[in-house]
Amino acid sequence: RELVQYVAQRPDVSVGLKFKLLVQLFNSFGNTDNLRFEVFSALLTLAEQNNRPNVLLAHLSNIDEFITQWNLSKENQLKLLQLAVKLINKCDDKL
């Protein structure tokens, strides 16, 4: 978790490099590894904060599958869905 936050919050690292590093982290964990939730949440936040919703929109259709694979608590399910809604709203703002 600390590594995810470290990468996501570094002001001296470009947004593009942050995305690449976080995607590499995401892909390094197994499909059912709960740490994927931490990384995906950081990616959603990064995309929303930097007005880059299109980077992850295609992956939002997998959220139901992710929730099941990662065996998320109700609290984390809600967090993930709220982050997804924020990202979708960012897309609507661009239209």
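Everything below is about the structure printed above this text.
All values derive from a computational prediction rather than experimental measurement.

Conventions used here
Residues numbered from 1 in each chain as written. Predicted model: local features only at pLDDT ≥ 70, side-chain atom pairs only at ≥ 80, totals over all residues. Heavy atoms only, no water. 1 Å grid on protein atoms, 1.4 Å probe; cavity = no way out; pocket = protein on both sides within 12 Å on 5 of 7 lines; lining within 4 Å. Points joined across faces, edges and corners; volume = space filled by probe spheres on them. Helix = DSSP H or I, 4+ residues; strand = E, 2+ residues; numbered from the N terminus. Nonpolar A, V, L, I, M, F, W, Y, C, P; charged D, E, K, R; others polar. Buried < 20%, exposed > 50% of the residue type's maximum accessible area, 1.4 Å probe, protein only. Contact = heavy atoms within 4.5 Å. Core = buried A, V, L, I, M, F, W, Y, C linked by side-chain atoms within 4.5 Å. Salt bridge = Lys/Arg side-chain N within 4 Å of Asp/Glu carboxyl O.

(A) The arrangement of the layout of surface pockets in detail. Within this model, the largest pocket holds a volume of roughly 180 Å³. As for the largest pocket, its lining consists of Gln5, Ala8, Gln9, Glu38, Ser41, Ala42, Thr45, Leu46, Gln49, Lys79 and Leu83. For the lining of the largest pocket, the secondary-structure elements that each account for two or more residues are α1 (2-9), α3 (35-49) and α5 (74-94). Top element by residues in the lining of the largest pocket is α3. It accounts for six residues. Looking at the lining of the largest pocket, its residues break down into four nonpolar, five polar and two charged.

(B) Layout of the environment of Arg52. Structurally, Arg52 is set in the loop between α3 and α4 (63-69). The partly exposed category is assigned to Arg52, whose relative accessible area is 37%. Taking the C-alpha atoms as reference points, Arg52 and Leu87, separated by 35 residues in sequence, lie 8.6 Å from one another. With residues near it in sequence (within four places) discarded, Arg52 still touches Val15, Gly16, Phe19 and Ala47.

(C) Structural detail: unusual backbone geometry. The residue Asn51 is not glycine, and still its phi comes out positive at about 55°. With respect to the secondary-structure elements, Asn51 resides in the loop between α3 and α4. Even without a glycine there, the phi angle at Asn71 is positive, about 50°. For Asn71, the position within the fold is in the loop between α4 and α5.

(D) The nonpolar core, seen in detail. Leu22, Val39, Phe40, Leu44, Trp70 and Leu80 are the most contacted members of the largest nonpolar core, which totals 27 residues. Where this core is concerned, the elements lending two or more residues are α1, α2 (15-28), α3, α4 and α5. The biggest single contributor to this core is α3, with eight residues.

(E) Looking closely at the pattern of salt bridges. Across all of its chains, the model carries one salt bridge by this definition. The shortest N-O distance in the salt bridge between Arg10 and Asp12 comes to 2.3 Å.

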